[in-house]
Amino acid sequence: MEGGIHKAESTEFRDLLYLTSKQPFILRLAFSAGIGGLLFGYDTGVISGALLYIRDDFSQVERSTVLQETIVSMAVAGAIVGAGAGGWMNDRFGRRPSILIADLLFLAGSIVMCFAPSPAVIIAGRVLVGLGVGMASMTSPLYISEASPARIRGALVSTNGLLITAGQFLSYLINLAFTKVTGTWRWMLGVAGVPALVQFVLMLALPESPRWLYRKDRKAEAEEVMRRIYPPEEVEAEIEALRVSVEADMAQERSLGGAGGTLRKALGSAVVRRGLTAGVLCQVAQQLVGINTVMYYSPTIVQLAGFASNSTALALSLVTSGLNAAGSVVSMFFVDKAGRRRLMLLSLAGIVACLAMLSGVFFAVDTHSPDVSIAGTAALSPGANGTCPEYALAAAAGGEEWTCTQCLRAPSGCGFCADAADKLLPGACLAANDAARRACRAGTGDGRREWYARGCPSSFGWLALVALGAYIVSYSPGMGSVPWLINSEVYPLRFRGVCGGIAAVANWASNLLVTQTFLSMTQELGTAGTFMLFCGVSAGLFILLFLVVPETKGLQFEEVEQMLGSKDYKAWKKFNPKA
């Protein structure tokens, strides 16, 4: 049946293999559009590694956490605008042109970042990429869902979601591959233009969505596309289903009196208000549990745990990205068995436990960090500008001994040079400049010291990796995918567009809030305090979700509407549509 939301079930994956063997055009269509999901995931992951090397190349970025946050989050800000503009462009110009424009924006942003001479130009490139990501994130799954056979639609749309996590994993591999190449971050960010160019070329040879064509009264073109998608024996029935669905949608839109009328009527309905409360809360919760602190700043978090090397941090971050992709696959098979509400609450409970563990690990890292050696500092900083200024004043005044943690939190920006024999022994507290880094890293083999600018040497670092891995395992199958599914089910069909748009903007805005403040919070509250804050927020969200989000497993759209409109509605009570 044309229209509506289709979830992937096990039979759909069997049908997918059967139909694509008979109609290879379907697979070509889905793969070409699905590259948009790959671009979305790649952009999310690539900046986490590129940021390490951008800091090394631009001293102003190294000194300013706000500038680092802005470089990361401006793509999210661009995505908010891109998603909003993409909705209008999809209706006005079509799905295919919107994907082509998104590719051009992504390609332009990649080129701008690759050749950027300054942080300001990198930020401009990030905005362009964000515009493309925002448009692609909503247009690619829409195009796939409208241009694929109904009985495998869920499998194809789910595959697009899997490509997002695959893009994240690919970005970590690309980052790792370019760690030893001149221009490191320029290659990392520039390579993103390749799949955008590939998708642009592939989409030029693909047709417009038949549903959009039919709405624009281009019925002959729509029917021609349908004949390329469906087996001959199914074409006429599917064309008739498309006609009935589109005409019903258009009649419904005329009765609502435009976008303003749609929004007013939506908010005037108790069913919509309850559904919108649940849907928006799910989307906001998805971001406020801190997932993008892990996806955007994973290598930085690994360094905060005591792994100083950029390449080591990137290699270890592959674990989190791989687990995220695996979790998406798990969700596809279990969400209909476990139930949406239960899976999401179990996921959130695991997140609270993992964030508490992360907070404890970083507290241990801070309290057991190596001491600063007066003699070691003097030996490595013979010049007037070599020693950390705050440490020099404290040592001259004969105050308490400093630790690595105090050194790294010095306002002027300082680094810790570990002892060559044992990184846990007292080291040197130096000013964070190129001369100090070179002095620290002088020597070869066992005599080479390690420079720490983010986190201190620690014997607890592996526990942080375990906690990060457990966090992703808890997040991905539940909070990672269920909020989108909830939003596809809790709105009446006639208000799904406007409510889905509100929820999507809430998701992107929450994403922006988290990514723009994470590094500043670690600076002000400490890493342990920041993760404890996320832990507390997640615990509060668990209570809110329990009270507000209903179970929609196994219910038809009409039954969900009946449940939300019932006088004795309670989200935590199981609904019986036959009662």
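For the structure, check the block above.
Residues numbered from 1 in each chain as written. Predicted model: local features only at pLDDT ≥ 70, side-chain atom pairs only at ≥ 80, totals over all residues. Heavy atoms only, no water.

A. Inspection of the overall build of the chain at higher detail. Helix and strand counts for the chain stand at 25 helices and 3 strands. Considering the chain as a whole, with its 579 residues, one finds that 53% of them fall into the buried category. (Helix = DSSP H or I, 4+ residues; strand = E, 2+ residues; numbered from the N terminus. Buried < 20%, exposed > 50% of the residue type's maximum accessible area, 1.4 Å probe, protein only.)

B. Structural detail: the side chain of Ser140. With respect to the helices and strands, the residue Ser140 is situated in helix α6 (residues 119-146). For Ser140, a relative accessible area of 1% translates into the label buried. Polar side-chain contacts of Ser140 include one of 3.1 Å to the backbone oxygen of Ala33. (Polar contact = N/O pair within 3.5 Å; in protein donor to acceptor, adjacent residues only side chain to side chain.)

C. Focus on the state of the cysteines. Counted according to the given criterion, the structure contains 4 disulfides. Bridging Cys388 to Cys414, the disulfide has an S-S length of 2.1 Å. Disulfide Cys388 to Cys414: torsion about the S-S bond roughly 70°, handedness right-handed. Linking Cys388 in the loop between α18 (374-380) and α19 (389-396) with Cys414 in strand β1 (residues 414-417), this pair joins segments that are 26 residues apart in sequence. Each sulfur in the disulfide pair Cys407 and Cys429 lies 2.2 Å from the other. The chirality of the disulfide connecting Cys407 with Cys429 is right-handed, given an S-S dihedral of about 95°. With Cys407 in helix α20 (residues 404-408) and Cys429 in strand β2 (residues 428-431), this pair connects stretches of sequence that are 22 residues apart. (Disulfide = S-S within 2.5 Å.)

D. Quick look at the side chain of Thr70. Along the chain, Thr70 falls in helix α4 (residues 65-93). A polar contact is formed between the side chain of Thr70 and the backbone oxygen of Val66, at a distance of 2.8 Å. Within the structure, the side chain of Thr70 is placed 3.5 Å from the side chain of Gln516, a separation counted as a polar contact. Look past the residues within four positions of Thr70 in its chain and what remains in contact with it is Ile123 and Gln516. (Contact = heavy atoms within 4.5 Å.)

E. The sheet that holds β1, seen in detail. Taking strand neighbours across the sheet as the criterion, the 3 strands line up as β2-β1-β3 in an open arrangement whose pairing is antiparallel. On the outer flanks of this sheet lie β2 and β3 (451-452), each paired with one strand and no other. In this structure, β1 lies alongside β2, joined through 4 bridges in antiparallel fashion. In the sheet register, Gly415 faces β2, and the bridge partner there is Leu430. (Pairing = 2+ DSSP bridges.)

F. Spatial organisation of unusual backbone geometry. The backbone phi angle of Asp217 is positive, close to 65°, even though this residue is not glycine. Within the secondary structure, Asp217 sits in the loop between α10 (210-215) and α11 (219-229).

G. Spatial organisation of the environment of Val482. On the secondary structure map, Val482 appears in helix α23 (residues 482-487). Val482 sits 143 residues away from Gly339 along the chain, and the two C-alpha atoms are 9.4 Å apart.

H. Representation of the packing of aromatic side chains in the model. One pass over the full model with this rule turns up 9 aromatic pairs. Summarising the aromatic geometry, the rings of Phe546 and Trp572 are spaced 6.4 Å apart at their centres and angled 5° between planes, so their arrangement reads as stacked. Taken together, the residues span a long stretch of sequence, with Phe546 in helix α24 (residues 496-548) and Trp572 in the segment after α25 (557-565) at a distance of 26 residues. Members of the aromatic cluster, joined through ring pairs, are Phe362, Phe518 and Phe531. (Phe/Tyr/Trp six-rings, centres within 6.5 Å; stacked < 30°, edge-to-face > 60°.)

I. Geometry of the packing of helix α5 (residues 95-114) against α6. Interaxial distance between α5 and α6 falls to 7 Å at its minimum, and their mutual angle equals 155°. Compared by their axis directions, α5 and α6 come out roughly antiparallel. The handedness of the crossing between α5 and α6 is left-handed. For the contact of α5 with α6, a count of residues per class yields 18 nonpolar, 7 polar and 4 charged. (Axes fitted to C-alpha atoms, helices over the stretch in contact; angles between N-to-C directions. Parallel < 35°, antiparallel > 145°, perpendicular 65-115°, else oblique. Left-handed = near helix turned anticlockwise from the far one by under 90°. Nonpolar A, V, L, I, M, F, W, Y, C, P; charged D, E, K, R; others polar.)

J. Looking closely at the nonpolar core. Judged by nonpolar contacts, the single largest core of 95 residues is most densely connected at Ile54, Trp185, Phe362, Tyr471 and Leu545. If one sorts the elements of this core by residue count, α24 sits on top with 13 residues. Among the nonpolar cores identified, the runner-up in size contains 23 residues, and Ile26, Ala33, Leu206 and Ala222 belong to it. (Core = buried A, V, L, I, M, F, W, Y, C linked by side-chain atoms within 4.5 Å.)

K. Looking closely at the pattern of salt bridges. All told, the structure shown has 9 salt bridges when counted by the stated rule. The salt bridge involving Asp43 is made with Arg126; its shortest N-O contact spans 2.9 Å. One end of the pair, Asp43, is in helix α2 (residues 24-57); the other, Arg126, is in helix α6, and 83 residues separate them in sequence. In this structure, Lys219 and Asp217 form a salt bridge, with 3.8 Å as the shortest nitrogen-oxygen distance. Relative accessible area serves as the criterion here: at 57%, Asp217 is assigned to the exposed category. (Salt bridge = Lys/Arg side-chain N within 4 Å of Asp/Glu carboxyl O.)

L. Molecular detail of a nonpolar patch on the surface. On the surface, a nonpolar cluster with roughly 380 Å² of combined accessible area is contributed by Ile543, Phe546, Leu547 and Trp572. Looking at where Leu547 falls in the secondary structure, it is placed in helix α24. A residue is classified by how much of its surface remains accessible, and Leu547, at 42% relative accessible area, is partly exposed. (Patch = residues over 30% accessible without salt bridge, like charges linked within 9 Å, V, L, I, M, F, W, Y side chains within 5 Å. Areas by Shrake-Rupley, 256 points an atom, 1.4 Å probe, with all protein chains shown as cover.)

M. How the structure looks around the pairing of β1. Burial along β1 is two-sided: Cys414 and Phe416 facing one way and Gly415 and Cys417 facing the other are all buried. Relative to β3, β1 runs antiparallel, the two being bridged by 2 bridges. From the neighbouring strand, Phe416 faces β3, where its bridge partner is Tyr452.

N. Representation of the environment of Gly87 in the model. Considering the arrangement of structural elements, one finds Gly87 in helix α4. Sequence separation between Gly87 and Gly134 is 47 residues; the distance between their C-alpha atoms is 9.9 Å.

O. Just the environment of Glu236, in detail. Position of Glu236 among the secondary structure elements: in helix α12 (residues 235-256). Along the chain, Glu236 and Met226 lie 10 residues apart, while their C-alpha atoms are 9.0 Å from each other. A distance of 3.1 Å separates the side chain of Glu236 from the side chain of Arg227, its partner in a polar contact.

P. Representation of the packing of helix α17 (residues 340-367) against helix α22 (residues 461-475) within the structure. Relative orientation of the contacting elements α17 and α22 amounts to 165°, with a least axis distance of 8 Å. The angle between the axes of α17 and α22 places the two elements in the roughly antiparallel class. At the point where α17 passes α22, the crossing takes the left-handed sense. Between α17, through Ser347, Gly350, Ile351, Cys354, Leu355, Met357, Leu358, Val361 and Phe362, and α22, the contact on the second element is made entirely by Leu463, Ala464, Val466, Ala467, Leu468, Ala470, Tyr471, Ser474 and Tyr475.

Q. Structural context of helix α14 (residues 270-288). When the terminal C-alpha atoms of α14 are compared, their 26 Å separation across 19 residues agrees well with the 27 Å that a helix rising 1.5 Å per residue should span. Of the residues trailing α14, Gly290 is marked for its positive phi of about 95°. (Expected span 1.5 Å × (residues − 1).)

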